[in-house]
Each structure stands twice: as C-alpha cells, then as structure tokens.
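# Observations on the three-dimensional arrangement
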Amino acid sequence: MFYSAVRKKDENGQDIDVEIKFNVGDLRRVFELGDSDDDHIIIPERLCQGLWCRMGFTGHLNGKYLKTMFSIPYKFMINCVVHALSHKKGAYDETSDYIMNIITCLVLNRPYNVSQVIFDHMVDIVGAGSGKYIMYPRFIQMMIDHLVKGIPKDVDDILGL
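Residues numbered from 1 in each chain as written. Predicted model: local features only at pLDDT ≥ 70, side-chain atom pairs only at ≥ 80, totals over all residues. Heavy atoms only, no water.

### Re the overall build of the protein chain
- Looking only at helices and strands, the protein chain has 6 helices and 4 strands in total.
- Beginning at the N terminus, the succession of helices and strands in the protein chain can be written as β-β-α-α-β-α-β-α-α-α.
- Per-residue burial over the protein chain gives 35% buried out of 161 residues.
- Pairs at least 24 residues apart make up 53% of the contacts formed inside the protein chain by residues separated by at least 6 positions. (Helix = DSSP H or I, 4+ residues; strand = E, 2+ residues; numbered from the N terminus. Buried < 20%, exposed > 50% of the residue type's maximum accessible area, 1.4 Å probe, protein only. Contact = heavy atoms within 4.5 Å.)

### Examining the packing of helix H2 (residues 45-54) against helix H4 (residues 97-108)
- Their axes nearest at 10 Å, the elements H2 and H4 cross at an angle of 70°. Comparing the axis directions of H2 and H4 gives the class roughly perpendicular. For the pair H2 and H4, the crossing hand works out as left-handed. Of H4, the residues touching H2 (which contributes Leu-47, Cys-48, Leu-51, Trp-52 and Arg-54) are Met-100, Asn-101, Thr-104, Val-107 and Leu-108.
- Among the residues forming the contact of H2 with H4, the class breakdown is 7 nonpolar, 2 polar and 1 charged. (Axes fitted to C-alpha atoms, helices over the stretch in contact; angles between N-to-C directions. Parallel < 35°, antiparallel > 145°, perpendicular 65-115°, else oblique. Left-handed = near helix turned anticlockwise from the far one by under 90°. Nonpolar A, V, L, I, M, F, W, Y, C, P; charged D, E, K, R; others polar.)

### Focus on the nonpolar core
- By size, the foremost hydrophobic cluster in this structure holds 35 residues, and its most contacted members are Leu-27, Trp-52, Met-55, Phe-70, Leu-85, Ile-99 and Tyr-112.
- When residues of this core are traced back to their parent elements, those giving at least two are strand S2 (15-22), helix H1 (24-31), H2, helix H3 (72-85), H4, helix H5 (114-128) and helix H6 (137-147).
- The element that contributes the greatest number of residues to this core is H4, accounting for 6 residues.
- Once residues lying within four places of it in the same chain are set aside, the contact partners of Phe-70 are Trp-52, Met-55, Gly-56, Phe-57, Lys-75, Ile-78 and Met-100. (Core = buried A, V, L, I, M, F, W, Y, C linked by side-chain atoms within 4.5 Å.)

### A look at H2
- Among the residues of H2, those classed as buried are Cys-48, Gln-49, Leu-51 and Trp-52. Viewed end-on, H2 has its buried residues packed into an arc of 160°, placing them on one side of the element. Among the exposed residues of H2, those oriented more than 90 degrees off its buried face are Arg-46 and Arg-54.
- Turning to H2, the residues buried within the fold contact strand S3 (65-66) and H4.
- Directly beyond the C-terminal end of H2, a positive phi value near 90° is found at Gly-56. (Arc of directions from axis to C-beta.)

### Comments concerning the pattern of salt bridges
- This model, assessed by the stated rule, comprises 3 salt bridges.
- Linking Asp-35 and Arg-28 is a salt bridge whose minimum nitrogen-to-oxygen distance equals 2.9 Å.
- Using a relative accessible area of 9% as the deciding quantity, one classes Asp-35 as buried.
- Its salt-bridge partner being Arg-28, residue Asp-37 comes within 3.2 Å of it at the nearest N-O pair.
- Assessed through its relative accessible area of 55%, Asp-37 is described here as exposed.
- Residue Arg-28 is classed as buried on the basis of its relative accessible area, which comes to 15%.
- Overlapping salt bridges, with partners in common, bring together Arg-28, Asp-35 and Asp-37 in one network. (Salt bridge = Lys/Arg side-chain N within 4 Å of Asp/Glu carboxyl O.)

Shown next, in the form of structure tokens:
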C-alpha cells in the first residue's frame, strides 16, 4: 500500500490535505496494462539465458547484461524498455534482472506482472527517503488524478492532458 497526501481547495476556498492510498490493483486498473496477480515476476534463469543466446548475446551469461552485447534489433528493443521502465537515473547500457525478465516475456509473448514491478520500485524509492527525485512522476500523477477528483488544472501547463 502506498500512502501520500495531496493539497486541494474545498468549497470555501480553504486548503485541505487529502490522503491518498493505492495498491497494485489500483495501479493496474488506472494504467490498463493487462496483467494480473497470477502473472510471473521472476522468469526461470535457464529460460532467460537460452533466449539471450538466441538474441545474439555475446557476453558472459553470469555477468553484467550490457545491451551492446546483443544483436542490433534487440539493442533497440532493450534500449526502449530500459528508458521506459528503468528506475535508475543513469547507466542505461547495463540492464537489471527485472528488465531482462520483461524483455524475455516480450520476446516470448508471455504474460508478465509489470504493475507489481512498477509498484515495488515506487515504494522502494519513497521508502529510501532520498527526497532527491520522484520516479515515475507521470504514473503518480495519473494515480492522483484517478483517486482525488476535483483537483484544479493549470490550462497553461504544457504537461497537462
């Protein structure tokens, strides 16, 4: 469960704090990712490594997974997934285990519980208390818009949808 508070104005124009709570089910419903709790989060390592060999991986299978060690068509696909779903601020050449699990499921057309992975990383970053940046800000804004009705929008905001 993820907890936060949002400030908005009530009928009298007074600022009030509205507590929001959401879990993986809320996230899944708002994002419409088409996954479920029954879908896998961890794919067997042997399956992943066999697929990576078929994808042209030239590095050590038990080492770091660098996208430069894959064949060109898969480099682009890995690059897109890393930039879209990675929770890191840098080091976009190196992919983590959960990104490689997502790639494996995409290539094999298997279901994957992406909502759980996004939620877990959102909670980890908030729980770390770094306060330096918010990961997945668009996702969080979508959740706030869904859970708290009547938040005024700035029409001049270029990010407003």
